[in-house]
Structures are given as C-alpha cells and as structure tokens.
Amino acid sequence: MKSDPDKCLYYDIDPARIPRHVAIIMDGNGRWAKQRFKNRVTGHEKGSETVRAIVEISRQLGIQVLTLYAFSTENWGRPGSEVSALMSLLKKFIKSERLSLHEKGIRLGIIGQKHRLPRDVQNELDITMDYTSGNRDMLLNLALSYGGREEITRAVRSIARDVMEGKILWDDISEELISAHLYTANQPEPDMIIRTSGEMRLSNFLLWQAGYAEIFFTKTLWPDFTEQEFASMVKEYQDRDRRFGKVVCSSNDGSPQ
Ligand code: FPP
C-alpha cells in the first residue's frame, strides 16, 4: 500500500519513512468508564470505536502491519463477566467489520492462542481471516490470548522438537530461526510500540520483537486516543534517531555523532 500523500501532508509526515509495523497496547478502557461512572464494558465498547479509527488512519498512512493487543494471556484472570463481554464485543467487531476490512484491502491475522477462545469467536475469526486472506494493503494483527513469554516458550518447544527429530542441528539455532517460530514469522519487527493510559511497561507484549522498537507512552486513555495523536507519534518517530546500537558518521573519519 502506498501512503495517501494528502493524509501525510496534512499530518506533516514524510511518506517515504512510514514505520512498517506499529504495535499498540490499548490500555485505559476501565479507567475511562470509571471516570464516567459507567461499567468497564462501556469503556471497552468505546475502545472498539478507537480501534476502527486507528485501523483506518494506519491504512491511510501506508503502515504495512498494525498489531493491537486486544486480550492477553493474563486477561483470562479477569472476572468471567468481563471476559465474556470482551469476547462478545470481539465477535461483534469481527463480524461487523468483515466487509469494510476487505474493501479497504486489509488482511486480518491473529497472534496468540486462538484455540483458547470461545468456539463462536474462533469461527468468526476464521471466516474473516479467510475472506481477507488475499488482501495486501495492510495486515491487521489482533493479539488474542497473547503473551510474549508463551510465544517464546512455544517457539523453543517447536525448535527442540525439530532438533530431536533430526530436522535441524542445534548449531542451526539462530535469532532468525527463533523469529521464524514466533506468531509473527515473516512479518517485519515493530518499529513503534505505543502504550496508552500512562502505564510505562510492556506487559508481556512482543518481548522478542520489541528489541529495537521505538516506544511511545501517552497518558491518554485508549477510548480518547485519536488519529491526530497517533499521527503526531508517527511524526515524532520520524524525528527520532534510530541507531540500532551503532554510531552515525557524518564524514568518513569514523568519528561518532
Ligand atoms: C485494557 O484496558 C484493554 C483491554 C484488556 C481490552 C482491549 C479491548 C478493546 C480495545 C476493545 C475490543 C477490541 C477489539 C479489537 C474490537 P483495561 O480494561 O485494562 O483498562 P484499565 O487499565 O483502565 O482498567
């Protein structure tokens, strides 16, 4: 997908340096609801509207992969009523957005333990993933029953099995091989990780892939997060100096900058 030049111009973003992969920890739905004396589910419902808006602006900016942390392995520990409400909301969202995702050229993917989700949610996800599988403008990854440690453990088990069965040698184990056994195999690593609501931690999100991601924290609660704030973060990303542990040289004398 090429970025929309009008959108980039509008937000003062350089269309040639769009982050390839943006991942978001959508936090603060519960607090948003509490501030309004509403139940937590109302916060999640409002949060779904933000999801729609951020998916759309990401596609317009030409981001290739957008990963949203929608339900963590730890979230199973929430009250049953909240888990059920989140699952219903997810099902509703997937069903209602199916056509629109397809029309926008967006492919739906999942990272996480799909098998732990309720059967009806799995069905809706399967239908939408199948329906959108040929789309190439953007990949929307929903992280569902996702945990970075679970993902790495699963990869280690799978690699150990391959070694035991003689499919690979232990010497073949490399960073690339580990990456290839993660849910995000064949996807670019996140360039940006955003967390809303003022919390400043990764909470088991993309632990391996986050190695060189630029991290952005905002106090804005997820239901209040806007396209404008998102775009301003993309702009800030473009202004940051990504050195990947190296030094930048302006002349050929090798002096660090
Ligand atoms: C964290 O806020 C948010 C979640 C655990 C769920 C995220 C879900 C949505 C944004 C809506 C549904 C998702 C999709 C993809 C349609 P929190 O509940 O922990 O907030 P708090 O920290 O303020 O309590």
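Reference entry: report on the structure contained in this document. (Residues numbered from 1 in each chain as written. Predicted model: local features only at pLDDT ≥ 70, side-chain atom pairs only at ≥ 80, totals over all residues. Heavy atoms only, no water.)

1. A closer look at the packing of helix α3 (residues 40–61) against helix α8 (residues 227–239)
Look at α3 against α8: their axes get within 10 Å of each other, and the N-to-C directions meet at 40°. Comparing their axes, α8 and α3 come out oblique. Of the two possible hands of crossing, α3 and α8 adopt the one that is right-handed. In contact with A53, I54, I57, S58 and L61 of α3, α8 contributes E227, F230 and V234. A breakdown of the residues in the contact of α3 with α8 according to their chemical character gives 6 nonpolar, 1 polar and 1 charged. (Axes fitted to C-alpha atoms, helices over the stretch in contact; angles between N-to-C directions. Helix = DSSP H or I, 4+ residues; strand = E, 2+ residues; numbered from the N terminus. Parallel < 35°, antiparallel > 145°, perpendicular 65-115°, else oblique. Left-handed = near helix turned anticlockwise from the far one by under 90°. Contact = heavy atoms within 4.5 Å. Nonpolar A, V, L, I, M, F, W, Y, C, P; charged D, E, K, R; others polar.)

2. Points about empty space enclosed by the protein
Under the counting rule described, the total for this entry stands at 1 cavity of 30 Å³ or more. When residues of the lining of the largest cavity are traced back to their parent elements, those giving at least two are α3 and α4 (80–103). For the lining of the largest cavity, the class distribution of residues is 4 nonpolar, 1 polar and 3 charged. (1 Å grid on protein atoms, 1.4 Å probe; cavity = no way out; pocket = protein on both sides within 12 Å on 5 of 7 lines; lining within 4 Å. Points joined across faces, edges and corners; volume = space filled by probe spheres on them.)

3. A word on the site of the ligand
Every one of the 17 residues lining the ligand counts as a neighbour, but D27, G30, R31, R40 and R78 are closest to it. When isolated, the ligand has an accessible area of 620 Å², and the protein chains bury 92% of it. Judged by its atoms lying within 2 Å of the grid points, the ligand is housed in the largest pocket. Among the elements of the structure, α2 (29–35), α3 and α4 are those that each provide at least two residues to the shell around the ligand. Tallied by class, residues from the shell around the ligand come to 7 nonpolar, 6 polar and 4 charged. (Near = heavy atom within 4 Å. Areas by Shrake-Rupley, 256 points an atom, 1.4 Å probe, with all protein chains shown as cover. Sits in = over half its atoms within 2 Å of the grid points.)

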